[in-house]
Protein chains: 2
Amino acid sequence: MRELKVAVLGAGTVGSQVVRLLTENADDFAQRAGARLKICGIAVRDVNKPRGSAVDPALLTADAEAIIDDADIVIELMGGIEPARTYILRAMAGGASVVTGNKALLAEHGPEIYEAAAAANVDLYYEAAVGGAMPVVYGLRESLAGDNVRSILGIVNGTTNYILDEMAEKGLDYETALRSAQELGYAEADPTADVDGFDAAAKCAILASLAFHTRVHINDVHTHGIRQVTAADIAAAREAGYVLKLVASAKHRSEGIELYVGPSLVPTHHPLSTVHGAYNAVVIEGEASDRLMFYGPGAGGNPTATAVLSDVVAAANKKVYGGHAPRELIYGDVNILPASRARSRFQIRMVVPDEVGVLCAVTGVFARNNVSISAVVQERHGSSSAEASALTVTTHEAAQGDVEKTIKELSKGIEVPIDGSQRVVSEAQAATLPVRIENFIRVEEA
Amino acid sequence: MRELKVAVLGAGTVGSQVVRLLTENADDFAQRAGARLKICGIAVRDVNKPRGSAVDPALLTADAEAIIDDADIVIELMGGIEPARTYILRAMAGGASVVTGNKALLAEHGPEIYEAAAAANVDLYYEAAVGGAMPVVYGLRESLAGDNVRSILGIVNGTTNYILDEMAEKGLDYETALRSAQELGYAEADPTADVDGFDAAAKCAILASLAFHTRVHINDVHTHGIRQVTAADIAAAREAGYVLKLVASAKHRSEGIELYVGPSLVPTHHPLSTVHGAYNAVVIEGEASDRLMFYGPGAGGNPTATAVLSDVVAAANKKVYGGHAPRELIYGDVNILPASRARSRFQIRMVVPDEVGVLCAVTGVFARNNVSISAVVQERHGSSSAEASALTVTTHEAAQGDVEKTIKELSKGIEVPIDGSQRVVSEAQAATLPVRIENFIRVEEA
């Protein structure tokens, strides 16, 4: 049986499990790949750092370039842009196929890397870049080739999903939930990439590129994080029959595609509402296939290693039997819409004076800005302030720009045609009453 | 751009949508496939029968063999064993790759067809055979190649899922729910294949073959249908925190694999419990990847057509760029366990006389047969019969054969050491009290 040489770049959480599984299940992988897969080296920064028993110290090297040049397949698990980018381009130029889990690199430099793979006639695989063991890259790149995807809605960041879960289940505030995630190792000491939505935005760009056969850059994704989410937001969501999740959303409209990452209200009967902790899920709506969902552990050394190894088997198959992985398809060449034109339902929570005519004035502002209202709920606000009421307005689908204009206008206060004795007066004499916007958030369809 | 000829066998619900989508989205498919896909003929039994506007009458022919011999890719959507089998073998021998949705044929003659494909160096694809648009065949055959699958648990028959849903939601009995499914077109006039579990068993055999890299025949699957399920069973399930579903289950144990299709109690917090109506879902537990789930519409012309077309794109890619689809992998060569050795949790409902010592006698029978009990609930039975009580026994994991022996022994009556005045007497004088077994059913782990 033929032998293929595999170089592993990086021996962290995922890399060490890749090495372990590839060694322990060598016979299984030989059957599936059609070749014996031999690890020709594991590149690490510090060869003297103690590693688990799975990693044979004799394979460790600080000379990444030497093992890259020797390999048939290069597995890049270093993360970050450089030197990962340079190593991948070098591997491809030398005739090796590449398996990577590097979402940041692909969302930033995907086209360059795809083009390098095509030019060198080698393959690029990256299942581990999105959703750990959940095979959604495979799904979009290959197994859904029979349909046109209309939208993707996913929970693709386990860290923020864990934090929001903790807030919802234990009533914690954001800072406390973040610390708990950090103590358990679910969040990094610098949590920026997760909590500010950048990790999810990179994944959103990768999935949207595949789904719509077009190029999407991470900067095309309108990205919001969860730092501003409060316990009150989550409680209000629950009361209204929603769960607050950080979603990645990509929608194909007739005018172009909309890309959004950020907090969103997911109805409790939507399949994403039950995705907890570090699990990921992606719901795909196809023109003819209706609604599909992929679900699985979104991170972790072992699950992510299986995604890497599936890609290694596929790359090896091509080396042995010919053919190649799907190349970048960009014939879709779709227009990317600005955030202001993105359409969604929205929920706006505000505090207004409890006066006659307020509801009419508020809903009037929405109407003037082309935002159609689906529901309004009015409640006395707090116990101490009997003169204020809390309004929760849920809209029909509307352009985000129109909703933002509505909010800006409301923030300046509303004109109510009453005087101090609550008598209706002429428009010229109308009182200007203050409106305090508490929050405004997208609402997903069931 | 190269052109590939595609022959379609059958123009029913799925076939007509395949033709429509392939025609309407011809440019998209050319980009994805790397070749223009030209329908060279649609074989039907009656060329004069009126078809939808999607099907060009000029392409219809009764001469299947002529278009098979002309084609690069043959799509078989006739169903049934013959003449589908003969046509597929003919297509392969002539050098065409084959895409089929024929689960019955594959579960019966899979090895013969796989071998014919390998001998002729053509490809066999069959995503549409299991779960409509849900890409679980792709998942097991390609995208999970990085892991060893330990178990599969799925809802893979939409008809029975619809019937059980109707029974659960509307309190209908089986016959009424079946008639409703027939009136809506969800069930055939002869519902045998669905309600007796054969359709699910064929799918279970296909998935288990892929998951465990071994040959599984439909007859290897221990199959039970839903005809005997009563409204009382469903009500009892709900009270105990379960949903009654027809599941397909395949488990890899150290001694071999267990294959089961039949009614099972699914805990309400298990992801399968929320799969309703004609939707399908398959939960896959991997050694390293943890729990994955695929979910999607399990039937219907459009969704199933997308699965067929994904396969056509894959087959076309291989024709254009080389390489081949995964061949049959049977290196696993796993032992298939008899039903009696299948292990599961079980729930047994029975009616017993309401006498002192009955609970002790009943649980003693379980213990003697090596069946460990997890819970017993005792209730007064009905209102009229104050002297009987209903016992619901839930076991820990036990061998099905041991549970069956327990039930057989219980059915003969239990010996209770009391006399007519409920005084404890010697064992020799013990009364034999009758036990009526109401139902016994598998229980899935959460």
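Residues numbered from 1 in each chain as written. Chains lettered and ligands numbered in written order. Predicted model: local features only at pLDDT ≥ 70, side-chain atom pairs only at ≥ 80, totals over all residues. Heavy atoms only, no water.

Peer 1: Can you help me understand the overall build of chain A in this one?
Peer 2: Assigned secondary structure in chain A consists of 14 helices and 19 strands. Residues classed as buried in chain A amount to 57% of the 446 residues present. A separation of at least 24 residues holds for 71% of the contacts in chain A among residues at least 6 apart in sequence. Roughly 17700 Å² of accessible area belongs to chain A as shown, and the carbon and sulfur atoms make up 49% of that amount. (Helix = DSSP H or I, 4+ residues; strand = E, 2+ residues; numbered from the N terminus. Buried < 20%, exposed > 50% of the residue type's maximum accessible area, 1.4 Å probe, protein only. Contact = heavy atoms within 4.5 Å. Areas by Shrake-Rupley, 256 points an atom, 1.4 Å probe, with all protein chains shown as cover.)

Peer 1: Looking at this structure, how should I read the UniProt feature "binding site: NADPH" (unreviewed entry) in chain A?
Peer 2: Residues and elements named next belong to chain A. Look at the UniProt record and you will see "binding site: NADPH" (unreviewed entry) annotated at Lys103. Tracing the sequence through the fold places Lys103 in helix H5 (residues 103-120). For Lys103, a relative accessible area of 22% corresponds to the partly exposed category. Those residues in contact with Lys103 that lie beyond four places of it in its chain are Ala129, Asp199, Ala202, Lys203 and Ile206. (UniProt positions renumbered as here; feature names shortened; annotations may be inferred.)

Peer 1: Help me out: how do you make sense of the sheet that holds strand E2 (residues 36-43) of chain A in this one?
Peer 2: Within a sheet, each strand pairs with its neighbour through backbone hydrogen bonds, oriented either parallel or antiparallel. All names here are of chain A. One open sheet holds the six strands; their spatial order is E3-E2-E1-E4-E5-E6, and the pairing between them is parallel. The open sheet has two edge strands, strand E3 (60-61) and strand E6 (124-125), and neither has a second partner. Inspection of the sheet shows strand E1 (residues 3-9) paired to strand E4 (residues 73-76) by four bridges, in the parallel sense. Each residue of the ladder has a partner; that of Ala7, found in E4, is Val74. (Pairing = 2+ DSSP bridges.)

Peer 1: Would you explain the nonpolar core in this entry?
Peer 2: Where a protein is soluble and globular, its nonpolar side chains tend to be buried together. Core analysis: the largest hydrophobic core is formed by 163 residues, its most contacted members being A:Leu140 and B:Leu140. Residue contacts for B:Leu140: discarding those within four places in its chain leaves B:Val149, B:Ile152, B:Leu207, B:Leu210, B:Ala211 and B:Ile284. Judged by nonpolar contacts, the second largest core, of 37 residues, contains A:Leu21, A:Ala33, A:Ala35 and A:Ala128. (Core = buried A, V, L, I, M, F, W, Y, C linked by side-chain atoms within 4.5 Å.)

Peer 1: Is there a simple way to explain the sheet that holds strand E5 (residues 97-100) of chain B in this structure?
Peer 2: Residues and elements named next belong to chain B. Strand order in this open sheet of six strands is E3-E2-E1-E4-E5-E6, and the pairing throughout is parallel. Of all strands in the sheet, those bounded by a partner on one side alone are strand E3 (60-61) and strand E6 (124-125). Two strands pair when backbone bridges link them, and strand E1 (residues 3-9) and strand E2 (residues 36-43) are joined in this way by seven bridges, in the parallel orientation. Pairing of Leu9 across the sheet is with Ala43, part of E2.

Peer 1: Could you clarify how one ought to interpret the packing of aromatic side chains in this entry?
Peer 2: Given two aromatic rings, their pairing is described by the distance between the two centres and the angle made by the two planes. Residue and element names in this part refer to chain A. Taken as a whole and assessed by the stated rule, the structure comprises nine aromatic pairs over all chains. Aromatic side chains Tyr114 and Tyr126 sit 6.1 Å apart centroid to centroid with 85° between the ring planes, which places their arrangement in the edge-to-face category. Taken as a pair, Tyr114 in helix H5 and Tyr126 in the loop between E6 and helix H6 (136-143) lie far apart in primary sequence, 12 residues in all. Judged by its relative accessible area of 4%, Tyr126 falls in the buried class. Measuring from ring centre to ring centre gives 4.6 Å for Tyr162 and Tyr186, while their planes differ by 70°; the resulting arrangement is edge-to-face. (Phe/Tyr/Trp six-rings, centres within 6.5 Å; stacked < 30°, edge-to-face > 60°.)

Peer 1: Is there a simple way to explain the domain arrangement of chain A in this structure?
Peer 2: Many descriptions give the size of an interface as the accessible area lost when the pieces come together. Residues and elements named next belong to chain A. The domain architecture assigned to chain A consists of domain 1 (3-132 + 301-321), domain 2 (136-297) and domain 3 (340-443). With 16 residues of domain 2 at the contact, the number on the domain 3 side is 13 residues. The contact between domain 2 and domain 3 buries some 1200 Å² in all, and 45% of this surface belongs to carbon and sulfur atoms. In this structure, the connection of domain 2 to domain 3 is made through two salt bridges. Connecting domain 2 to domain 3 are seven residue pairs in polar contact (both at pLDDT 80 or more). (Domains from an automatic or database assignment. Buried area = accessible area lost by both parts, 1.4 Å probe. Salt bridge = Lys/Arg side-chain N within 4 Å of Asp/Glu carboxyl O. Polar contact = N/O pair within 3.5 Å; in protein donor to acceptor, adjacent residues only side chain to side chain.)

Peer 1: Even after reading the chapter, I still don't get unusual backbone geometry, so can you show me in this structure?
Peer 2: Excluding glycine, residues mostly carry a negative phi; peptide bonds, for their part, are mostly trans. All names here are of chain A. Cis geometry marks the peptide bond from Glu82 to Pro83, where omega comes out at 5°. Along the chain, Pro83 falls in the loop between E4 and helix H4 (84-93). Despite not being glycine, Asn370 shows a phi value in the positive range, around 65°.

Peer 1: Can you walk me through the interface of chain B and chain A in this structure?
Peer 2: Listed by partner, the interface residues are 41 residues for chain B and 42 residues for chain A. Carbon and sulfur atoms make up 58% of the surface buried where chain B meets chain A, a total of about 3700 Å² over both sides. When residues of chain B are sorted by the area they lose upon contact with chain A, B:Arg32, B:Tyr295 and B:Tyr331 head the list and together hold 16% of the total. On the surface where chain B and chain A come into contact, there are zero salt bridges. Counting the contacts that link chain B with chain A gives 20 residue pairs in polar contact (both at pLDDT 80 or more).

Peer 1: How do you make sense of the packing of helix H1 (residues 13-24) of chain B against helix H12 (residues 301-321) of chain B when you look at a structure like this?
Peer 2: Between two packed helices, what matters for the description is the angle formed by their axes and the separation of those axes. All names here are of chain B. The geometry of H1 relative to H12 is characterised by a closest axis approach of 8 Å and an angle of 65° between their N-to-C directions. Our pair here, H1 against H12, has a crossing hand that is right-handed. Contact residues: Thr13, Val14, Gln17, Val18, Arg20, Leu21 and Leu22 in H1; Gly301, Asn302, Thr304, Ala305, Val308 and Leu309 in H12. Its residues assigned to classes, the contact of H1 with H12 shows seven nonpolar, five polar and one charged. (Axes fitted to C-alpha atoms, helices over the stretch in contact; angles between N-to-C directions. Left-handed = near helix turned anticlockwise from the far one by under 90°. Nonpolar A, V, L, I, M, F, W, Y, C, P; charged D, E, K, R; others polar.)

Peer 1: How should I be thinking about the side chain of B:Asp199 in this particular structure?
Peer 2: By the element assignment, B:Asp199 lies in helix H10 (residues 198-212). In contact with B:Asp199, not counting residues within four places along its chain, are B:Lys103, B:Val156, B:Asn157, B:Ala193 and B:Asp194.

Peer 1: Which parts of the structure should I look at to understand the environment of B:His222?
Peer 2: All names here are of chain B. As for its position among the elements, His222 is in strand E8 (residues 222-223). Judged by relative accessible area, which is 21%, His222 ranks as partly exposed. Put simply, His222 and Ala342 are 120 residues apart on the chain and 9.6 Å apart in space, counted from C-alpha to C-alpha. Not counting residues within four places of it along the chain, the set of residues in contact with His222 comprises Leu259, Tyr260, Val261, Leu337, Pro338 and Ala339.

Peer 1: Whenever I open this one, the packing of helix H7 (residues 158-170) of chain B against helix H8 (residues 174-183) of chain B confuses me. Can you help?
Peer 2: Residue and element names in this part refer to chain B. H8 packs onto H7 with a crossing angle of 125° between their chain directions and a minimal axis gap of 9 Å. Judged by the inter-axis angle, H7 sits oblique to H8. In this structure, H7 meets H8 at a crossing whose hand is right-handed. Contact with H7, carried on its side by Tyr162, Ile163, Glu166 and Met167, involves Tyr174, Ala177, Leu178, Ser180 and Ala181 of H8 and no other residues of that element. In terms of residue class, the contact of H7 with H8 is made up of seven nonpolar, one polar and one charged. (Parallel < 35°, antiparallel > 145°, perpendicular 65-115°, else oblique.)

Peer 1: For this particular structure, what's the right way to read the relation of the copies chain B and chain A?
Peer 2: Note: a rotation about an axis with an accompanying shift along it relates these two copies of the chain. Of the transformation superimposing chain B on chain A, the axial component is 0.1 Å and the angular component is 180°, with the fit at an RMSD of 0.1 Å. Such a combination of rotation and displacement between the chain copies is what one expects of a two-fold axis. Every residue of chain B has its C-alpha some distance from the rotation axis, and the shortest such distance is that of B:Gly323, at 2.0 Å. Comparing interface residues between copies, 100% of those in chain B also lie at the interface in chain A; the contact surface is shared. (Least-squares fit on C-alpha atoms with pLDDT ≥ 70 in both.)

Peer 1: Can you walk me through the environment of A:Thr159 in this structure?
Peer 2: Residue and element names in this part refer to chain A. Secondary-structure assignment places Thr159 in helix H7 (residues 158-170). The exposure class assigned to Thr159 is buried, which follows from its relative accessible area of 9%. For the pair Thr159 and Phe294, spaced 135 residues apart in sequence, the C-alpha separation works out to 19 Å. Filtering out sequence-adjacent residues up to four positions away, Thr159 remains in contact with Tyr186, Ala187 and Asp194.

Peer 1: Would you explain the pairing of strand E11 (residues 279-286) of chain B in this entry?
Peer 2: Side chains on a regular strand alternate between the two faces of the sheet. All names here are of chain B. For E11, the tally of buried residues reaches six of eight residues, placing the bulk of the element in the interior. Here six bridges tie strand E7 (residues 149-155) to E11, and the two strands are oriented antiparallel to one another. If you follow Gly154 over to E11, its bridge partner there is Val282. Two strands pair when backbone bridges link them, and E11 and strand E12 (residues 290-297) are joined in this way by eight bridges, in the antiparallel orientation. Residue Val283 lies in a different strand from E12, and its bridge partner there is Met293. Count of turn residues in the E11/E12 antiparallel hairpin: three residues.

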